[in-house]
Amino acid sequence: MSNYPVDISVKPEVKAFFDPDTNTISYVVKDPGSNACAVIDSVMDIDYAAGRITYGHADEIIAWIKGNGLDVEWIIETHVHADHLSAAPYIQQKLGGKIGIGDKIMVVQDTFGKVFNEGTEFQRDGSQFDALFKDGDTYQVGSMQAFAMYTPGHTPACMVHVMGNAAFVGDTLFMPDGGSARADFPGGDAGVLYDSIQKVLALPDDMRLFMCHDYGPNGRDIKWETTVGDEKANNIHVGGGKSREDFIKFRTERDSQLAMPRLIIPSLQVNMRAGDIPTDKDGRAMLKVPINGL
C-alpha cells in the first residue's frame, strides 16, 4: 500500500490502559494539533459468576481524559470482541463522541442473533452504532485524519484504524512473540486472516502498531507497541516471509486446541449491541447462555 488517504507523518499522542482481567489494552489517541481525541477498544468490567457489571476501567480512562482537558470525538471498536465487554455507551454518556465499527458488523449480528435466539426485535442493521466504516473510509479526530482498513479473518468485521503514524490493529496481530489471533470463530478464516495481515505489513516499516491484547509470552512484561518492520522480521506466525499455506496449516491446527474465551457468551451479546446490555421482556438486564451453540 503506497497511496494513503491520510497524512501518515502526523504523530498522535497515545495513552494506553491495560486491563489485567482480560489482557486488553484500550487507548486514548490525541490529535497533536488540538484537544480532540478518540477512545479505542474500551473495557466494561464484569464479575460473570456474580452477574455484576462495574466500570472501574472505563472510569480510569474518563478521569484521564477529563484531567487532560480532552474532547472525545470518536469511540472506536476494532471488531466485535469475544473476550471483553465494551464500555462504549458508558463513556459516550459521560463524555460524548460517536461510536464507530466496521460495516460488516451486520454479518456478525446476523450470525450471533441466531445463536442467541434474539428474535425480530434485535436489529441486525448496525443501527446501534453511530458510524459504520467501509474499507478505506476516512474520518477526522480534530485536525488529524484517520482511515479504516478492512482486515477480516479473526472475525468478519475486523478493521485496523490508522491515525497518522499509529495503527490500531485490534486482534489482527499480536506482538512479534505472540503471533496472531485465532481464526476459528463463526465467520473467521485463516487464509483471509493471512491476507489481512499482509495488508497491515504493507504499511511503512516505521508505522507504529498498537495491539488490543498481550499475554506476556514466556513470562515477559506486558507490551503493546511495536512497528511494521519489527512484525515483518520477527512475528513468529507470519514474519520472515512465512507462506500463506504454512500459516493456514499452523493456525488451523493451533485453533483446534484452543478453548473458548472465558467471557465469549456475555461479550458477544453486549458488543454486537455497541456495548448495551440486552434486556428481557420486562426491561431487566439479562444475558442468555446458548447450550451447545458455539
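Note that the structure is predicted; figures quoted are calculated from it, not measured. (Residues numbered from 1 in each chain as written. Predicted model: local features only at pLDDT ≥ 70, side-chain atom pairs only at ≥ 80, totals over all residues. Heavy atoms only, no water.)

### A short note on the packing of helix H1 (residues 56–67) against helix H2 (residues 88–95)
- H2 packs onto H1 with a crossing angle of 30° between their chain directions and a minimal axis gap of 10 Å. Judged by the inter-axis angle, H1 sits roughly parallel to H2. Remark: the crossing between H1 and H2 carries right-handed chirality. Of the residues in H2, those touching H1 at Ala58, Asp59, Ile62, Ile65 and Lys66 are Tyr90, Ile91, Lys94 and Leu95.
- Of the residues belonging to the contact of H1 with H2, the class tally is six nonpolar, no polar and three charged. (Axes fitted to C-alpha atoms, helices over the stretch in contact; angles between N-to-C directions. Helix = DSSP H or I, 4+ residues; strand = E, 2+ residues; numbered from the N terminus. Parallel < 35°, antiparallel > 145°, perpendicular 65-115°, else oblique. Left-handed = near helix turned anticlockwise from the far one by under 90°. Contact = heavy atoms within 4.5 Å. Nonpolar A, V, L, I, M, F, W, Y, C, P; charged D, E, K, R; others polar.)

### Describing the side chain of Asn271
- Note on placement: Asn271 falls in helix H7 (residues 264–271).
- Residue classification places Asn271 among the buried residues on the basis of a relative accessible area of 5%.
- In terms of polar contacts, Asn271 uses its side chain to reach the backbone carbonyl oxygen of His84, at 2.8 Å. (Buried < 20%, exposed > 50% of the residue type's maximum accessible area, 1.4 Å probe, protein only. Polar contact = N/O pair within 3.5 Å; in protein donor to acceptor, adjacent residues only side chain to side chain.)

### Things to note about the packing of helix H4 (residues 190–201) against helix H6 (residues 244–255)
- Here H4 crosses H6 at 125°, and the two axes come no closer than 9 Å. Judged on the interaxial angle alone, H6 and H4 are oblique. Seen along the crossing, H4 lies across H6 with a hand that is right-handed. Facing H4, whose interface residues are Ala190, Gly191, Val192, Leu193, Tyr194, Asp195 and Ile197, H6 presents Arg244, Phe247, Ile248, Arg251 and Thr252.
- Tallied by class, residues from the contact of H4 with H6 come to seven nonpolar, two polar and three charged.

### Quick word on the sheet that holds strand E13 (residues 208–210)
- Ordered by their spatial adjacency, six strands build an open sheet running E9-E10-E11-E12-E13-E14, and the pairing between neighbours is mixed. The open sheet has two edge strands, strand E9 (138–141) and strand E14 (225–227), and neither has a second partner. Direction aside, neighbouring strands of the sheet carry axes that sit 30° apart on average.
- Inspection of the sheet shows E9 paired to strand E10 (residues 144–150) by four bridges, in the antiparallel sense. (Pairing = 2+ DSSP bridges.)

### Here we look at the pattern of salt bridges
- Taken as a whole, this structure holds 16 salt bridges when the rule is applied.
- A salt bridge links Lys114 to Asp110; the shortest N-O distance between them is 3.5 Å. With Lys114 and Asp110 both in helix H3 (residues 105–115) and four residues apart, this pair spans about one turn of that helix.
- Note on Lys114: relative accessible area 60%, which makes it exposed.
- Here Asp110 falls in the partly exposed class, since its relative accessible area comes to 32%.
- A salt bridge links Lys232 to Asp205, with the shortest nitrogen-to-oxygen separation between them at 2.8 Å. Of this pair, Lys232 sits in helix H5 (residues 228–234) while Asp205 sits in the loop between H4 and E13, and the two are 27 residues apart along the sequence.
- We classify Lys232 as partly exposed; its relative accessible area is 36%.
- A relative accessible area of 43% places Asp205 in the partly exposed class.
- Among the charged side chains, a network of salt bridges with common partners joins Asp280, Lys281, Asp282 and Arg284. (Salt bridge = Lys/Arg side-chain N within 4 Å of Asp/Glu carboxyl O.)

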